[in-house]
Structure formats: structure tokens, C-alpha cells
Amino acid sequence: MVLLQLDPFLNELTSMFEKSKEKGSVWVTLKRSSLKSKLQKRKLSSAGESIEYRCLIRATDAKKTISTSVGAKDHVRFQASYATILKAHMTALKKRERKDRKKSTETDKKEGTSSTTTSKPTKKL
């Protein structure tokens with residue numbers, strides 16, 4: 001796994017999406033991380049210093065894995081760039097098939113039932 005700077009990571013992510021456009025998938029994971037070992041975290045917490053957490057972002061297309069770390073200062077710029085890339089490469093998604101509401105309500109009326117109300121049978125004692 002390669003830890004890249006923000007701009008090279010976004011460029012590589014774009015190329016991953018373009019390579020997998022016809023066939024394949026790209027997995028992106030985000031995780032809170034301090035990029036420090038447990039021992040270093042214990043030393044900092046015992047000394048009373050605060051730990052700066054970052055966002056660790058990994059992307060893989062099953063052949064190549066890349067990652068980057070985003071701090072609090074850069075997260076707004078990264079989020080905007082990441083959203084632009086996702087919007088540009090989500091064109092291969094299939095549209096969801098939906099039922100036509102008019103047809104379904106007309107068939108319910110013909111059958112004598114309503115899709116919004118249900119009646120429960122009552123028991124006689």
C-alpha cells in the first residue's frame with residue numbers, strides 16, 4: 001500500500017475509476033486514524049498532550065491499493081474534489097426500476113383493496 005499526498009491520490013483514484021468503467025469495481029474506505037502506534041499514543045496521553053486524529057482513506061480495485069491521510073485543515077478541499085470525482089464517474093450505475101404508482105392504485109381499486117389501509121379480521125369470543 002502506498003501512502004500518497006492528496007493530489008496524486010485523487011489523480012490515481014480518477015484513473016482507477018476510468019479503468020474500471022467497463023468492468024470492475026473500486027472500493028473506497030475511510031477510517032479515523034492518528035497514524036501513531038499504541039505505544040506512542042500512551043506516551044502522549046500520559047504526558048497530557050492531545051492526539052491529532054486524521055482521516056485515512058484507502059482505495060483499491062483488486063489490483064492496486066492506494067491510500068492517503070487527510071488532516072482537519074485539508075478535509076474541506078479534499079471532500080469537494082472527492083465529490084466531483086464521484087459525480088463524474090457514477091455514470092455506469094443502473095437506474096432503479098420503479099412501479100408506476102398510478103397503475104398499482106388502479107389495480108388495487110379493481111380488486112377492492114387499498115394499498116394504504118389494511119383491515120384485520122376480528123375474533124368473536
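This text gives an overview of the structure that appears in the document. The numbering scheme is per chain: residues are counted from 1 as the chain's sequence reads. Residue-level local features of this predicted model are given only where pLDDT is at least 70; pairs of side-chain atoms are given and counted only at 80 or more, and the full residue set underlies all totals for whole chains, interfaces and linings. Excluded from the side-chain calculations are hydrogens and water; all other atoms, namely the structure's heavy atoms, are used.

A short note on the pairing of strand β3 (residues 54-60)
Then, in step 1: Any two strands with at least two DSSP-identified bridges between them are counted as paired. Starting at the N terminus, helices and strands are each numbered in turn, a helix being any DSSP run of H or I of at least four residues and a strand any DSSP run of E of at least two. Pairing between strand β2 (residues 27-33) and β3: 7 bridges, direction antiparallel. Bridge pairing links V28 to A59 in β3.
Then, in step 2: Here 6 bridges tie β3 to strand β4 (residues 65-70), and the two strands are oriented antiparallel to one another. Across the sheet, the residue bridging to T60 is T65, located in β4.
Then, in step 3: Here β3 folds back onto β4 in antiparallel fashion, the turn holding 4 residues, of which A62 has a positive phi close to 75 degrees.

Overview of the side chain of S20
Then, in step 1: With respect to the element layout, S20 can be found in the loop between α1 (6-19) and β2.
Then, in step 2: Think of it in three bands: with a 1.4 Å probe and only protein chains considered, a residue is buried below 20% of the maximum accessible area for its type, exposed above 50%, and partly exposed in between. On the accessibility criterion, S20 (13% relative accessible area) is buried.
Then, in step 3: In terms of polar contacts, S20 uses its side chain to reach the backbone carbonyl oxygen of M16, at 3.1 Å.
Then, in step 4: Excluding its chain neighbours within four sequence positions, the residues that come into contact with S20 are S25 and V26. Pairing of N or O atoms within 3.5 Å defines a polar contact, subject to two protein rules: one partner must be a possible hydrogen donor and the other a possible acceptor, and residues neighboring in sequence count only if both atoms are side-chain atoms. Two residues form a contact once any of their heavy atoms are found within 4.5 Å.

What to know about the nonpolar core
Then, in step 1: Counting residues in hydrophobic clusters, the biggest one holds 14 residues, and the most contacted among them are F9, L13, A59 and F78.
Then, in step 2: When contributions to this core are tallied by element, the ones reaching two or more residues are α1, β3, β4 and α3 (75-89).
Then, in step 3: Setting aside anything within four residues of it in sequence, one finds L13 in contact with V26, V28, A59, I66 and Y82. Among the buried residues, those of types Ala, Val, Leu, Ile, Met, Phe, Trp, Tyr and Cys that are joined through side-chain atoms within 4.5 Å form a nonpolar core.

Digging into unusual backbone geometry
Then, in step 1: Of note, A62 is a non-glycine position whose phi angle comes to about 75 degrees, a positive value.
Then, in step 2: Examined against the element boundaries, A62 turns out to sit in the loop between β3 and β4.
Then, in step 3: A residue is classified by how much of its surface remains accessible, and A62, at 65% relative accessible area, is exposed.

These figures come from the coordinates and say nothing about function on their own.
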